[in-house]
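Structural characterization, general
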Amino acid sequence: MRGNAEMHELVAPGSLGAVLDLLAAEPGQWTPIAGGTELMVAFSAGHLDAHKLVSLWGIPDLRTIELTPQGVAIGAAATFLDLRKHAVINAELPLLAKAASWIGSIANQSRATLGGNLVNGSPAADSSPALLAYDAEIETISVRGRRRLPYSEFHTGYKRNVLAADELLYAIHLPRRFARHRQYLRKVGTRRAMAIAKVALGATALLEQGVIREIRLGAASLAPYPTRLRQTEAALLGQALTREAVLAARRALLAEVQPIDDIRSTAEYRRRVAVNVLEEFLLELRREGSRP
Amino acid sequence: MSANGKLKTVARWPTIRFTVNGESRSVRVPPMKRLLDVLREDLHLTGTKEGCGEGECGSCSVRMNGELVNSCLVPVLQAEGAEIQTVEGLALDGELHPLQEAFLHNGGAQCGICTPGMLMAAAQLLAHSPHPSDAEIREGLAGNLCRCTGFVRIFESVAAAADASDAEPAKEPAKESELEQTYHAR
């Protein structure tokens, strides 16, 4: 069954305040739509459950990239092309620029938004491993005000998140303190363009005198939602990168991930690839050290 | 839905205005109607094709406010005020766009379903990167699927169009009249 446009209402109040008022007046009734690269696919196929949609496209307050000496604040409706074109993101947060280049194709990157990628909450979300590796925070907004929390606490289950019915994802905050970290991002998929990740890993680490002082590992497609690999990080923190430490990290990763069999891959393949990708990063870190 | 119910709905539809290939257009359609369907059904611009209907194949690519988009994923309300270019807007005064010439002469088109989207993706690429590398051509067209050509001739067509625009940087009417004068002089 094809989607029928007459069965769906779509409004574009045009300002952030008007959108928030609408969400507050009828909480849970309205589904926000930004670039439509997810919801319009469901619509075309006749699978879009939402009957009342409110457009976030073209709201200037949501499509921003702001710099402070400490951080980069990315508006939730910044597109992946906006991220790819941004000089500071390319220079200081290259994993995010790389992840942006993985989103579908140019025609998807011109419409798909960072906030949409997170709110959609796919376990395979392309931007998530980089955001987790960079210790991102998210900021929500509603008529009741704003709140900030670690991105690692945003997802609460498969396609579930902390947003209340009247809340929008407002911004993603990234600290500018990774210049000295080794940074790594790898996606394993069927082909370079368009494909959804079978496994993806983002990582940042600081090595001092051969010992890991800081490490963050963000994974996609290894759990019901994108997640930090905390047990694996704990196994590595304070360790020198000996063969034993790498093996211990591999064991820790296998113990904490919960990959599944699905149309894109198998749980067994995902486990094997995940430990190998982790090892690739750790060997690179041992060989090259942190960045100068 | 009853006839009455439907009429009521129609009355609620907003008038949505935008420009297509430089012409102001307005439509009164359900705001969730896909830009693709508005172009084809309401504006009778059937050059833009539907392939997959889910943003994977690029057949429906058009340019909107200077960006390449899949028109199957744009609810038409979000095109309000936009400047849209479709494949029908490439040729000027009956003269093919250099990309169209290049596809024609390099075997870049076979069955034709992907061709309008390929042309629009290529136009987008050349607008931002007039001298693209092979890798840039491949990335620029990565979201456009072709099941006939094996892609190589399409990539060659785009490269040829970029070279052609090098050879004749300005394609101006003045040049034509110059040419005409030359003929007359002979």
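Small disclaimer: the values here were computed from a predicted structure and weren't measured.

Time to look at the pairing of strand β5 (residues 71-75) of chain A. Residues and elements named next belong to chain A. Relative to β5, strand β4 (residues 65-67) is paired through three bridges, and the arrangement is antiparallel. Following the sheet pairing, Leu67 is matched in β5 by Val72. As consecutive antiparallel partners, β4 and β5 are separated by three residues. For β5 and strand β10 (residues 168-175), the ladder comprises five bridges, and the chain directions are antiparallel. Directly across from Val72, in β10, lies its bridge partner Leu174.

Although it is not a glycine, Lys159 of chain A adopts a positive phi angle of roughly 55 degrees. Residue placement: Lys159 of chain A occurs in the loop between β8 (155-157) and β9 (160-161). Even without glycine at this site, Asn65 of chain B takes up a positive phi of about 50 degrees. In this structure, Asn65 of chain B sits in the loop between β3 (61-64) and β4 (67-70). The exposure class assigned to Asn65 of chain B is partly exposed, which follows from the 14 C-beta atoms found within 10 Å.

So, about helix α11 (residues 267-288) of chain A. Residue and element names in this part refer to chain A. For α11, spanning 22 residues, the distance from its first C-alpha to its last is 31 Å, which sits close to the expected 32 Å at 1.5 Å a residue. Every buried residue of α11 is accounted for by Arg270, Val273, Ala274, Val275, Val277, Leu278, Phe281, Leu282 and Leu285. Tucked inside the fold, the buried residues of α11 contact β11 (182-188), β12 (199-208), β13 (211-220), α9 (230-236) and α10 (243-256). Positive phi shows up at Gly289, right after α11, with a value of about 70 degrees.

Residue and element names in this part refer to chain B. A residue-level look at chain B finds 83% of positions with pLDDT of 70 or above and a mean pLDDT of 87. Note that residues 1-8 has pLDDT below 50 and, in this model, one contact with residues that lie over four places away or in other chains. Residue range residues 169-186 is modelled with pLDDT below 50. Its contacts to residues more than four positions away, or to other chains, number zero contacts. Scored as a whole, the predicted complex attains pTM 0.91, and scored at its interfaces, ipTM 0.92.

Moving on: the interface of chain B and chain A. With 27 residues of chain B in contact, the opposing surface of chain A contributes 23 residues. Contributions of two or more residues to the side of chain B that touches chain A are made by β4 and α4 (115-128) of chain B. Ranked by the residues each element gives to the side of chain B that touches chain A, the list is headed by β4 of chain B, at four residues. Residue composition of the side of chain B that touches chain A, by class: twelve nonpolar, ten polar and five charged.

All names here are of chain A. One can describe the packing of α10 onto α11 by two numbers: an axis separation of 10 Å at closest approach and a directional angle of 145 degrees. For α10 against α11, the interelement crossing comes out right-handed. Counted together, Val246, Ala249, Arg250, Leu253 and Leu254 of α10 and Arg271, Ala274, Val275, Leu278, Glu279 and Leu282 of α11 form the full contact between these two elements. Looking at the contact of α10 with α11, its residues break down into eight nonpolar, no polar and three charged.

Residues and elements named next belong to chain B. Pairing is mixed in the open sheet, where five strands are placed in the order β2-β1-β5-β3-β4. The open sheet terminates on both sides in strands that have one partner only, identified here as β2 (23-28) and β4. Strand after strand, the sheet turns through a mean of 40 degrees between neighbouring axes, direction not considered. As paired strands, strand β1 (residues 15-20) and strand β5 (residues 83-85) are joined by two bridges and run parallel to one another. Bridge pairing links Val20 to Ile84 in β5. Along the sheet, α4 contacts β3 and β4; its crossing angle with β3, the most-contacted strand, is approximately 35 degrees.

Once the domains are mapped, chain A shows domain 1 (5-55), domain 2 (60-175) and domain 3 (182-288). Inter-centroid distance (C-alpha atoms) of domain 1 of chain A to domain 3 of chain A is 36 Å.

What counts as what
Residues numbered from 1 in each chain as written. Chains lettered and ligands numbered in written order. Predicted model: local features only at pLDDT ≥ 70, side-chain atom pairs only at ≥ 80, totals over all residues. Pairing = 2+ DSSP bridges. Helix = DSSP H or I, 4+ residues; strand = E, 2+ residues; numbered from the N terminus. Buried ≥ 20, exposed ≤ 12 C-beta atoms within 10 Å, placed from the backbone. Expected span 1.5 Å × (residues − 1). Contact = placed C-beta atoms within 7 Å. pLDDT = per-residue confidence, 0-100. Nonpolar A, V, L, I, M, F, W, Y, C, P; charged D, E, K, R; others polar. Axes fitted to C-alpha atoms, helices over the stretch in contact; angles between N-to-C directions. Left-handed = near helix turned anticlockwise from the far one by under 90°. Domains from an automatic or database assignment.

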